[in-house]
Amino acid sequence: MNFSNLGQRILSNAPVRRKLALLTGVIAVGVIVLSILAARMQYLDLHATRMATLRMQVETAQTILARYAALADSGELPEQQAQALAIETLAAARSASSDGYFTLLGTDGTMVMHPFRRDRAGRPLEDFRDKNGVNQYVEQVAAAQSGDGFFRYTSRKSSQSPPLVRETYAEIFQPWGWVITTGSYTEDVQKQALGFTAVMTVAGGLLVVLVLALSWLIGNRIVVARQRATAVAAAIAQGRLDNDTRCEGSDEPARLLHSMGQMQERLTAVIGAIRQMARLHAQGQTSHRIDSHTLPGDYGLMTEEVNTLVTDHVDTAMMVADLVQRYALGDLSQDAPRLPGEKARLSQAVDTVKANLAAVSGEITRLSQAAVEGDFSVRGDQSRFQYGFAVMIE
């Protein structure tokens, strides 16, 4: 099946309002899809930015630890003192948000430093599990050792707050066998994405309402104009040429009505010209013709054909009148031309007039010749004639 032809058939049979409603529906679905995609892309972009920030913070901590490790390697500081100073430096480091802090974990499975729970230092990481049995510290070490570094788990900001998703990033500081981790709650990213989604939804909704309103206005404009144009065309087809075709604007519907009005004016002009010619001919002005050059295209051709028809009939009548005039004067030398079709009756009628006049003339001549010769017994053949001609011979 040719889906293109099927679609064209469906659309060709659908009213204009339904077509515009379909277009509005497609736009509405497109706006919804774009809003969802834009919101998703916004969330992914914000999330990627947050993850990049975590990675950058850990790299900064790597730089700090590397500085103290260099001091220990150079002998300026004992390694233990350098590690203690490094721990205090990272414990005091904070990001702009209160949940951004550094935790140091040992690859040997012990806690090195937690900035808020310093008492946990040296304890096995296996001691720290949440209510779901997840040991986020062990998982963060595993993530760092795998090279990926990212780990997500659920945690609470406080005992009264609901569980929230926390994203962490971890890297190993090889010289001391420490794992540097930092993390961030991502509910603000979700809020920003939801806010963006809300803005896109409102904007998309307003756009759909605007498109719907415009579709209604445009559809109403087109449908009303088409209905008027259809009514005018039907009226013209029925012979009514007094239709109102006025329309404001210069768009396609207005131009359609304007064209219908021009057609109506042309037809009115043609009919008026024909009526005027009929009236003048009835008054005896048989030489009047329609000025076809004032009418465009086939209107002019139509009036020219009317002129040709009238001229033919007038010329035929004038020809018959001329012959009858000659016959009335006694000139029977000319015959009537042979006219085609039904007009042949005119030729026959003129021929009959000529034949009867010639017969009467011949009969009168015969009687006159007999009288000249003194034979008054000769009588005319009255039976050959009718009406007045018979009376004349009698």
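Overview of the structure. Because the structure is a prediction, the values reported are computed rather than measured.

### Observations regarding helix α4 (residues 136-146)
Line of reasoning, step 1. Of all the residues in α4, the buried ones are Q136, Y137, Q140, V141, A143 and A144. Relative to the axis of α4, the buried residues are bounded by an arc of 160 degrees and lie together on one face. Of the exposed residues in α4, those oriented more than 90 degrees away from the buried face are Q145 and S146.
Line of reasoning, step 2. If you follow the buried residues of α4, they end up packed against β1 (102-106), β2 (111-113), β3 (150-155), β4 (164-173) and β5 (178-185).
Line of reasoning, step 3. Where α4 begins, the capping side chain belongs to N135, and its oxygen is found 3.2 Å from the backbone nitrogen of Y137.

### What about the pattern of salt bridges?
Line of reasoning, step 1. For the structure shown, the criterion picks out 9 salt bridges.
Line of reasoning, step 2. The shortest N-O distance in the salt bridge between D351 and R338 comes to 2.8 Å. Of this pair, D351 sits in helix α8 (residues 344-372) while R338 is found in the loop between α7 (297-328) and α8, placing the two residues 13 residues apart along the sequence.
Line of reasoning, step 3. Residue classification places D351 among the partly exposed positions, given a relative accessible area of 25%.
Line of reasoning, step 4. Judged by relative accessible area, R338 falls into the exposed class, the value being 56%.

### Comments concerning the nonpolar core
One recurring pattern in soluble globular proteins: nonpolar side chains tend to sit buried together.
Line of reasoning, step 1. Among the nonpolar cores identified, the biggest contains 24 residues, and L65, L90, L104, M113, W176, W178 and I180 are the most heavily contacted of them.
Line of reasoning, step 2. Taken together, the elements giving at least two residues each to this core come down to α2 (16-74), α3 (79-92), β1, β2, β4 and β5.
Line of reasoning, step 3. In terms of residue count, the dominant contributor to this core is α2 (9 residues).
Line of reasoning, step 4. Residues in contact with W176, not counting those within four places in the same chain, are L65, Y68, A69, E79, A82, Q83 and A86.
Line of reasoning, step 5. Among the nonpolar cores identified, the runner-up in size contains 10 residues, and M111, Y137, A144 and V179 belong to it.

### A word on the packing of helix α5 (residues 187-237) against helix α6 (residues 252-282)
Line of reasoning, step 1. Here α5 crosses α6 at 15 degrees, and the two axes come no closer than 9 Å. When the axis of α5 is compared with that of α6, the two are roughly parallel. Considering the relative orientation of α5 and α6, their crossing is left-handed. For the pair α5 and α6, contact is made by R221, I222, A225, R228, A229, V232, A233 and I236 and by P253, A254, L256, L257, M260, M263, Q264 and L267, respectively.
Line of reasoning, step 2. A per-class count over the contact of α5 with α6 returns 13 nonpolar, 1 polar and 2 charged.

### Digging into the sheet that holds β1
Pairing between sheet strands relies on hydrogen bonds along the backbone, with the strands arranged either parallel or antiparallel.
Line of reasoning, step 1. Read from one edge to the other, the open sheet built from 5 strands follows the order β2-β1-β5-β4-β3, with strand pairing classed as antiparallel. Either end of the sheet is taken by a strand with one partner, and the two such strands are β2 and β3. In this sheet, adjacent strand axes meet at a mean angle of 35 degrees when their direction is disregarded.
Line of reasoning, step 2. Taken together, the 2 bridges between β1 and β2 define a ladder with antiparallel strand orientation.

### Overview of the packing of aromatic side chains
Line of reasoning, step 1. One pass over the full model with this rule turns up 5 aromatic pairs.
Line of reasoning, step 2. Where Y101 meets F116, the ring centres are 4.9 Å apart and the plane angle is 65 degrees; that geometry is what we call edge-to-face. Here Y101 is found in the loop between α3 and β1, whereas its partner F116 is found in the loop between β2 and α4, with 15 residues between them in sequence.
Line of reasoning, step 3. Assessed through its relative accessible area of 15%, Y101 is described here as buried.
Line of reasoning, step 4. Residues F151 and Y153 carry aromatic rings whose centres are separated by 5.8 Å and whose planes lie at 20 degrees to one another, so their mutual orientation is stacked.
Line of reasoning, step 5. The rings of F173, W176 and W178 are connected pair by pair, giving a single aromatic cluster.
Line of reasoning, step 6. Above the ring of Y68, the side-chain terminus of R67 is found at 5.3 Å from the ring centroid.
Line of reasoning, step 7. The side chain of R166 reaches across the aromatic face of Y185, ending 5.1 Å from its centre.

About the cut-offs
Residues numbered from 1 in each chain as written. Predicted model: local features only at pLDDT ≥ 70, side-chain atom pairs only at ≥ 80, totals over all residues. Heavy atoms only, no water. Buried < 20%, exposed > 50% of the residue type's maximum accessible area, 1.4 Å probe, protein only. Helix = DSSP H or I, 4+ residues; strand = E, 2+ residues; numbered from the N terminus. Arc of directions from axis to C-beta. Contact = heavy atoms within 4.5 Å. Polar contact = N/O pair within 3.5 Å; in protein donor to acceptor, adjacent residues only side chain to side chain. Salt bridge = Lys/Arg side-chain N within 4 Å of Asp/Glu carboxyl O. Core = buried A, V, L, I, M, F, W, Y, C linked by side-chain atoms within 4.5 Å. Axes fitted to C-alpha atoms, helices over the stretch in contact; angles between N-to-C directions. Parallel < 35°, antiparallel > 145°, perpendicular 65-115°, else oblique. Left-handed = near helix turned anticlockwise from the far one by under 90°. Nonpolar A, V, L, I, M, F, W, Y, C, P; charged D, E, K, R; others polar. Pairing = 2+ DSSP bridges. Phe/Tyr/Trp six-rings, centres within 6.5 Å; stacked < 30°, edge-to-face > 60°. Lys NZ or Arg CZ within 6 Å of the ring centre and 35° of its normal.

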